[in-house]
Amino acid sequence: LIVNLLGISLTVLFTLLLVFIIVPAIFGVSFGIRRLYMKTLLKIFAWATLRMERGAKEKNHQLYKPYTNGIIAKDPTSLEEEIKEIRRSGSSKALDNTAEFELSDIFYFCRKGMETIMDDEVTKRFSAEELESWNLLSRTNYNFQYISLRLTILWGLGVLIRYCFLLPLRIALAFTGISLLVVGTTVVGYLPNGRFKEFLSKHVHLMCYRICVRALTAIITYHDRENRPRNGGICVANHTSPIDVIILASDGYYAMVGQVHGGLMGVIQRAMVKACPHVWFERSEVKDRHLVAKRLTEHVQDKSKLPILIFPEGTCINNTSVMMFKKGSFEIGATVYPVAIKYDPQFGDAFWNSSKYGMVTYLLRMMTSWAIVCSVWYLPPMTREADEDAVQFANRVKSAIARQGGLVDLLWDGGLKREKVKDTFKEEQQKLYSKMIVGNHEDRSRS
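Bear in mind that the values here come from a model prediction, so they are computed numbers and not experimental data.

A.B. asks: Break down the sheet that holds strand β1 (residues 218-223) for me, with residues and values.
C.D. replies: Pairing in this open sheet of seven strands is mixed, and the strands run β1-β8-β7-β2-β5-β3-β4 from one edge to the other. Edge strands, defined here as strands with exactly one partner in the open sheet, are β1 and β4 (279-281). Pairwise comparison of adjacent strand axes, ignoring direction, gives a mean angle of 25° for this sheet. Two strands pair when backbone bridges link them, and β1 and strand β8 (residues 372-378) are joined in this way by six bridges, in the parallel orientation.

Dropping the structure here:
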């Protein structure tokens, strides 16, 4: 009897998956179930947050930390202006422009160093955002304390739903999507080259990515689809999570760029490249900039090939900002299609802190979140202007992405997450101070 009941349950579950998730994913349609689910969650979160705030007020304890997102706005000032201000505050008389050096100048660099430690623009971009509202995930509000029995019971019910219902369902969908991708691309790879193979390859990729998106209960809003990347171009986007690839590839066709891996990822890569000309590099080839540029140039020059998908930051940033774009993909002279991706952390944090969590732990956190909600903006295509170098072009594209996504535009290299600050940054401050002193000395000589 138990075996029969289990068999019936599995049959019903598979039928529901097939009818309500897999088949709609194949044809790119939606019944609106995920949107209704999202609206219901928002109402529950709003009630829980109000109850939480009222309880905190009754117990007279601080609920939220100041500067929750770690972003403190400051008016930009130059080195010379700040040193002049320090000299003025240290003396009642006006600043003597003939002074070459004053001991008080040291305090500028001391203060700057302390500000950098306390309000580090780089380090805080690699930690998850903390929400002021509570979404029944303890990982998103670390200052939460016990408030009431009702909230605790609601949180416990949420745990049961997420781990006992949503997690098995999502694992089944992810397994289905990945299996279909490997089998489908392998079969398509045996077909002779031509339009039919290209057509099947595109739709197999698109179908499997859409199933994988549903495995995360991803609710995605795409804007300005008329600007979607076209063949022979390069699509560049800000990078928050490994699922950025799935988010974009479930709405368009792309050739992937990356390093060859082993294990399951290697099996997927080898199957994919049989059906579509993705650009995979061996570990020894990745550091050869000339080889990488040559392979990318050859790809974009063939207008029949799919646009390349690249994340120029080279690492995941915590959904608050955009960091320095590597110039390599902006040197090859192709049309660039910028894309801005912004996640809504109310339902689950998509940021991957790779120095803190391994891939398996990260995927578990993703699949036990309520949902992954994000917006994608396709920006108008951009080309390198005659008077621009690759760095200037990269910065212009980065600024456009940051502006559209409501992200902070930073000049820092995301590689600083694992490396020391380059000597060139230190030397830049030294040169500015030296230029100020030398300039004062030259003014005195003229007078």
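A.B. asks: Could you give an account of the UniProt feature "transmembrane region" (unreviewed entry) in the chain, with specific residues and numbers?
C.D. replies: This chain's UniProt record puts "transmembrane region" (unreviewed entry) on residues 6-33, 147-165 and 171-192. The span residues 171-192 is 86% helical and 0% strand by assignment, and the distance between its end C-alpha atoms comes to 34 Å.

A.B. asks: Break down the packing of helix α6 (residues 195-215) against helix α8 (residues 263-275) for me, citing the residues and quoting the values.
C.D. replies: Axis angle and axis distance: for two packed helices, these are the angle between their axes and the distance between the axes, and together they describe the pair. At a minimum axis distance of 9 Å, the contact between α6 and α8 shows a crossing angle of 145°. Seen from α6, the contacting residues are Lys197, Ser201, His205 and Tyr209; seen from α8, they are Met272, Lys274 and Ala275. Of the residues belonging to the contact of α6 with α8, the class tally is three nonpolar, two polar and two charged.

A.B. asks: Describe the packing of aromatic side chains, naming the residues involved and giving the relevant values.
C.D. replies: Scanning the model with the defined rule gives six aromatic pairs in all. Arranged with centres 5.8 Å apart and planes meeting at 50°, the rings of phenylalanine 45 and phenylalanine 347 form a pair that is tilted. Remark: phenylalanine 347 occurs in the loop between β7 (336-344) and α11 (359-367) and phenylalanine 45 occurs in helix α2 (residues 33-59); sequence separation between them is 302 residues. Looking at phenylalanine 45, the relative accessible area reads 5%, which means it is buried. With centroids separated by 5.5 Å and ring planes inclined at 85°, the aromatic side chains of phenylalanine 330 and phenylalanine 393 adopt a geometry described as edge-to-face. Highlighted residues: phenylalanine 330 in the loop between β6 (321-322) and β7 and phenylalanine 393 in helix α12 (residues 390-405), separated in sequence by 63 residues.

A.B. asks: Give a description of the nonpolar core that names residues and reports values.
C.D. replies: The biggest cluster of nonpolar side chains holds 52 residues, and the ones touching the most others in it are Ile247, Leu248 and Val376. Among the elements that line this core, the one with the most residues is α6, at eight residues. Core analysis: the second largest hydrophobic core is formed by 26 residues, Ile234, Val279, Val336 and Trp377 among them.

A.B. asks: Summarise a nonpolar patch on the surface; cite the residues concerned and give the values.
C.D. replies: A surface patch of nonpolar side chains, about 350 Å² in accessible area, is lined by Val23, Ile26, Phe27 and Val29. The residue valine 29 is located in the loop between α1 (2-27) and α2 in this model. Exposure remark for valine 29: the relative accessible area of 40% places this residue in the partly exposed category.

A.B. asks: Break down α11 for me, citing the residues and quoting the values.
C.D. replies: If you check which residues of α11 are buried, you get Tyr362, Met366 and Met367. Down the axis of α11, the sector holding all buried residues measures 130°, keeping them to one side. Packed against the buried residues of α11 are α5 (149-189) and β8.

A.B. asks: Can you tell me about the packing of α5 against α8, naming the residues and giving the values?
C.D. replies: Relative to each other, α5 and α8 sit at 40°, their axes nearing to 7 Å. In terms of their interaxial angle, α5 and α8 are classed as oblique. Regarding α5 and α8, the two cross each other, and that crossing is left-handed. Here α5 contributes Ile178, Leu181, Val182, Thr185, Thr186, Val188 and Gly189 to the contact with α8, which in turn contributes Val267, Ile268, Ala271, Met272, Lys274 and Ala275. For the contact of α5 with α8, the class distribution of residues is nine nonpolar, three polar and one charged.

Reading guide: rules and limits
Residues numbered from 1 in each chain as written. Predicted model: local features only at pLDDT ≥ 70, side-chain atom pairs only at ≥ 80, totals over all residues. Heavy atoms only, no water. Pairing = 2+ DSSP bridges. Helix = DSSP H or I, 4+ residues; strand = E, 2+ residues; numbered from the N terminus. Axes fitted to C-alpha atoms, helices over the stretch in contact; angles between N-to-C directions. UniProt positions renumbered as here; feature names shortened; annotations may be inferred. Contact = heavy atoms within 4.5 Å. Nonpolar A, V, L, I, M, F, W, Y, C, P; charged D, E, K, R; others polar. Phe/Tyr/Trp six-rings, centres within 6.5 Å; stacked < 30°, edge-to-face > 60°. Buried < 20%, exposed > 50% of the residue type's maximum accessible area, 1.4 Å probe, protein only. Core = buried A, V, L, I, M, F, W, Y, C linked by side-chain atoms within 4.5 Å. Patch = residues over 30% accessible without salt bridge, like charges linked within 9 Å, V, L, I, M, F, W, Y side chains within 5 Å. Areas by Shrake-Rupley, 256 points an atom, 1.4 Å probe, with all protein chains shown as cover. Salt bridge = Lys/Arg side-chain N within 4 Å of Asp/Glu carboxyl O. Arc of directions from axis to C-beta. Parallel < 35°, antiparallel > 145°, perpendicular 65-115°, else oblique. Left-handed = near helix turned anticlockwise from the far one by under 90°.

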